[in-house]
Amino acid sequence: MTGIDAFPDMDQPMTDEAPQRLRYAMVGGGHGAFIGAVHRHAIALDGLAELAAGALSSTAEKALASGRALGLADEHNHGSWQALLDAELKRGPGERVDAVVIVTPTDSHFPIAQAFAEAGFSVVCDKPLVHTGQQADALVATVKAQGGVFGVTYNYTGYPMVRQAREMVRSGALGAIRKVVVEYNQGWLATALETTGNKQAGWRTDPARSGIAGALGDIGSHAENLVSSVTGLEIEELVADLGALVPGRALDDDASMLLRFTGGARGVLVASQINAGMENDLRLRIAGELGTLEWRQEEPNRLVHHRRDGAAEILTRGSPWLGEAARRAVRLPSGHPEGFIEAFANVYRGIFADIRARRAGSMADPLDADYPRVTDGARGVHFIECAVASSAARRWTRFEQAN
Ligand SMILES: NC(=O)c1ccc[n+]([C@@H]2O[C@H](COP(=O)([O-])OP(=O)(O)OC[C@H]3O[C@@H](n4cnc5c(N)ncnc54)[C@H](O)[C@@H]3O)[C@@H](O)[C@H]2O)c1
């Protein structure tokens, strides 16, 4: 059997009518920005939505130039997110964008997300969701009151082998979970890069823009979400040790912590940006009574299953024997690598499926609407606050889950 023969049909189902493309606006992601372009590429992969409006940068001049370069007509190209919101509200409900994507640094997430959610727009926001638990709870309340879609781009949840791990853990293939180890190690902040004019390093190490956490917020939030979304385990308490290991840095660039989950499982979480030479080494290990799973972001197409009473298996993306959630997230036959953008696109596919279903007055199939919600983002913010408090107090701290 060739890879092609073995490949399940993952294309969109054939229908008589071509579904109308959704239209989205983007805030942030202009010239010189990092993740905004990744969002656009990921959305373009499935062709389910198109960029229809924007306020793409923090200065009006750069925002307008960025929008023009992306082909936005003047009436949809704005110098600020407030101008974008005003212009959208002047359009009739059927003329407005279907979603607003927020890819600005964290300090502006709350006002932008709150304003658009309150006005009834569906919103997609990158992580960490906002700066404080209070803001997070307010946003959750707004989204619940409005009943709109709100996705948080914890993009690692979109990898097929992460979804496979989730299905295996949750179906009991590992038995009761005993231990979870998640590490996100990067090296790009091993020197004081923020003093060289690097924009991304600049805001991430500035408490006014990044909030109370550095590495913990930037990548520890991904680690927390990965554990939570794959295992479903709830953190009951944690003890954290945060440090700024590059002299002069105001926020943590290194975080280590121990976790205790409801039900007795234990965990270790590391989020560090000072591992000189390392790239994006996010890795997850989940040990249950019957076996252990291992996954690494830098080799995302493989999932290793160590069995207690048998040989270890390497599960590969695209194999016909994967579970339904993983198979639906696959785009190419096995052996052709998929990666970061495809995983991001899977998150977007879930968000757009939910927007479409709600428009049609129906409920999306949970396997279609498979994406992290505003409540996941809010839990991440509370997690950051809990870890910062634990580290400052140097003691075990209960993690109160607000929602
Ligand atoms: N999911 C991921 O894997 C991932 C990866 C990187 C960054 N992020 C998150 O994405 C967000 C952006 O990070 P980045 O690295 O792309 O930052 P960046 O500094 O590269 O880009 C930020 C962009 O937002 C614009 N901006 C700032 N304030 C604005 C405002 N008020 N209105 C309009 N535009 C504004 C800037 O001009 C810039 O274009 C952050 O929340 C970050 O944590 C997520």
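This is a predicted model, so every value here is computed, not measured.

Draft legend 1. Representation of the overall build of the protein chain within the structure. For the protein chain, the helix and strand inventory stands at 13 helices and 14 strands. The C-alpha radius of gyration computed for the protein chain amounts to 21 Å, which stays within 12% of the reference 22 Å derived for 403 residues, consistent with globular compactness. Each of the three principal axes of the protein chain carries a C-alpha extent, and together these read 65 × 60 × 40 Å. By residue count, 47% of the 403 residues in the protein chain fall in the buried class. Sequence-distant contacts, at least 24 apart, represent 70% of the contacts inside the protein chain between residues at least 6 apart.

Draft legend 2. Region of interest: the sheet that holds strand 2 (residues 49-55). On the basis of which strands lie adjacent, the open sheet formed by five strands has the order 2-1-3-4-5 and parallel pairing. Bordering the open sheet on either side are strand 2 and strand 5 (150-152), each of which pairs with just one other strand. Going across the sheet, the axis of each strand differs from the next one's by a mean of 20°, ignoring polarity. Where strand 4 (residues 122-125) and strand 5 come together, three bridges link them in parallel fashion. Paired with Val 124 across the two strands is Gly 151, which belongs to strand 5.

Draft legend 3. Summary view of the domain arrangement of the protein chain. Once the domains are mapped, the protein chain shows domain 1 (20-155) and domain 2 (160-335 + 373-398). Between the C-alpha centres of domain 1 and domain 2 the distance comes to 26 Å. Those elements that provide at least two residues to the side of domain 1 that touches domain 2 are helix 6 (133-146) and strand 5. Considering each element in turn, the side of domain 1 that touches domain 2 owes the most residues, six residues, to helix 6.

Draft legend 4. Molecular detail of the environment of Asp 365. Relative to the helices and strands, Asp 365 resides in the loop between helix 12 (340-359) and helix 13 (374-393). Separated by 209 residues in sequence, Asp 365 and Tyr 156 have C-alpha atoms that sit 21 Å apart.

Draft legend 5. Focus on the confidence of the model for the protein chain. Here the protein chain averages 95 in pLDDT, while 95% of its residues score no lower than 70. Taken together, the stretch residues 1-10 has pLDDT below 50 and engages in 14 contacts with residues farther than four places along the chain or on a different chain.

Draft legend 6. Geometry of the site of the ligand. Taken together, 25 residues lie near the ligand, and Gly 28, Ala 33, Phe 34, Ile 35 and Asp 126 sit nearest. If you list the elements that add at least two residues to the shell around the ligand, you get strand 1 (22-28), helix 2 (35-46) and helix 8 (199-204). Per-element accounting of the shell around the ligand gives the leading share, three residues, to helix 8. A class-by-class count of the residues in the shell around the ligand yields nine nonpolar, 12 polar and four charged. Mapping the shell around the ligand onto the domain boundaries places at least three of its residues in each of domain 1 (20-155) and domain 2 (160-335 + 373-398).

Draft legend 7. The sheet that holds strand 12 (residues 302-307), seen in detail. Taken in spatial order, the nine strands line up as 13-12-11-10-6-9-8-7-14 in an open sheet, and their pairing is mixed. Two strands in the sheet have a free side with no partner beyond their single neighbour: strand 13 (313-316) and strand 14 (397-398). Bridge count for strand 7 (residues 235-243) against strand 8 (residues 254-261) is eight bridges, and the pairing is antiparallel. Along strand 8, the bridge assignment pairs Leu 238 with Leu 259. Where helix 7 (residues 160-170) meets the sheet, it contacts strand 6 (177-185), strand 10 (281-288), strand 11 (291-296), strand 12 and strand 13, and its direction lies at approximately 165° from that of strand 11. Packing against the sheet, helix 13 makes contact with strand 7, strand 8 and strand 14, and its axis sits at approximately 60° to strand 7.

Draft legend 8. Representation of unusual backbone geometry in the model. Along the chain, Lys 127 connects to Pro 128 via a cis peptide bond; the corresponding omega equals -20°. Tracing the backbone through its elements, the reader meets Pro 128 in the loop between strand 4 and helix 6.

Draft legend 9. Structural context of helix 12. The end-to-end C-alpha distance of helix 12, which contains 20 residues, comes to 29 Å, matching closely the 28 Å that a straight helix rising 1.5 Å per residue would cover. Within helix 12, 14 of the 20 residues are buried, leaving the element largely enclosed by the surrounding structure. Once helix 12 ends, the next one or two residues include Gly 361, with phi positive near 75°.

Draft legend 10. Quick look at the packing of helix 5 (residues 109-118) against helix 6. In contact at an axis separation of 9 Å, helix 5 and helix 6 are set at 15° when each is read in the N-to-C sense. If you check the angle between helix 5 and helix 6, you find them roughly parallel. Of the two elements, helix 5 crosses helix 6, and the hand of that crossing is left-handed. Two secondary-structure elements touch here, helix 5 through Phe 110, Ala 113, Gln 114, Ala 117 and Glu 118 and helix 6 through Gln 135, Ala 138, Leu 139, Thr 142, Val 143 and Gln 146.

Each value, and the rule that gives it
- Residues numbered from 1 in each chain as written.
- Predicted model: local features only at pLDDT ≥ 70, side-chain atom pairs only at ≥ 80, totals over all residues.
- Helix = DSSP H or I, 4+ residues; strand = E, 2+ residues; numbered from the N terminus.
- Rg over C-alpha atoms; globule rule 2.2 N^0.38 Å.
- Buried ≥ 20, exposed ≤ 12 C-beta atoms within 10 Å, placed from the backbone.
- Contact = placed C-beta atoms within 7 Å.
- Pairing = 2+ DSSP bridges.
- Axes fitted to C-alpha atoms, helices over the stretch in contact; angles between N-to-C directions.
- Domains from an automatic or database assignment.
- pLDDT = per-residue confidence, 0-100.
- Near = placed C-beta within 6 Å.
- Nonpolar A, V, L, I, M, F, W, Y, C, P; charged D, E, K, R; others polar.
- Expected span 1.5 Å × (residues − 1).
- Parallel < 35°, antiparallel > 145°, perpendicular 65-115°, else oblique.
- Left-handed = near helix turned anticlockwise from the far one by under 90°.

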